[in-house]
Amino acid sequence: MKKNDLALLIVIAVFSGIISLVVSRLIFVTPANRQQSVKTVQSISTSFTTPSSQYFNSSSIDPTQLITIGDSNNQSPFSGSSNSR
């Protein structure tokens, strides 16, 4: 390589570096522009208000109670013998 070729390669490399720096600053976001605002959420408190006695009282139905329909003593109703074929 000649001196002129080497000088031309250095000039091209510097010029392409400057262009890439300018283009990258236009494309990519700067740290100052990365800031976003968000809504603030209220903190969760440990206090709990007592529910209305209209719905939660001592004489209301307890949905966790076992409901028995009829007086079946069969412990495995689906594994019995099948007489109909």
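In short, a report on the structure. (Residues numbered from 1 in each chain as written. Predicted model: local features only at pLDDT ≥ 70, side-chain atom pairs only at ≥ 80, totals over all residues. Heavy atoms only, no water.)

Right, let's get into the overall build of the protein. Regarding its fold elements, the protein presents one helix and zero strands. In terms of its C-alpha atoms, the protein occupies a principal-axis envelope of roughly 105 × 55 × 20 Å. A total of 85 residues make up the protein; the buried ones form 0% of that total. Only carbon and sulfur atoms are counted for the fraction: they give 60% of the accessible area of the protein, which is about 9,500 Å². (Helix = DSSP H or I, 4+ residues; strand = E, 2+ residues; numbered from the N terminus. Buried < 20%, exposed > 50% of the residue type's maximum accessible area, 1.4 Å probe, protein only. Areas by Shrake-Rupley, 256 points an atom, 1.4 Å probe, with all protein chains shown as cover.)

Tracing the backbone shows T49 in the segment after α1 (3–27). We classify T49 as exposed; its relative accessible area is 66%.

Here the focus is a nonpolar patch on the surface. On the surface, L6, I10, V14, F15, I18, I19, V22, V23, L26, I27 and F28 cluster together into a nonpolar patch covering about 1,100 Å² of accessible area. For L6, the position within the fold is in helix α1. (Patch = residues over 30% accessible without salt bridge, like charges linked within 9 Å, V, L, I, M, F, W, Y side chains within 5 Å. Salt bridge = Lys/Arg side-chain N within 4 Å of Asp/Glu carboxyl O.)

Inspection of the secondary structure puts S45 in the segment after α1. Considered as a pair, S45 and N57 are twelve residues apart in the sequence and their alpha carbons are 25 Å apart. In this structure the side chain of S45 is engaged in a polar contact, spanning 3.5 Å, whose partner is the side chain of S47. (Polar contact = N/O pair within 3.5 Å; in protein donor to acceptor, adjacent residues only side chain to side chain.)

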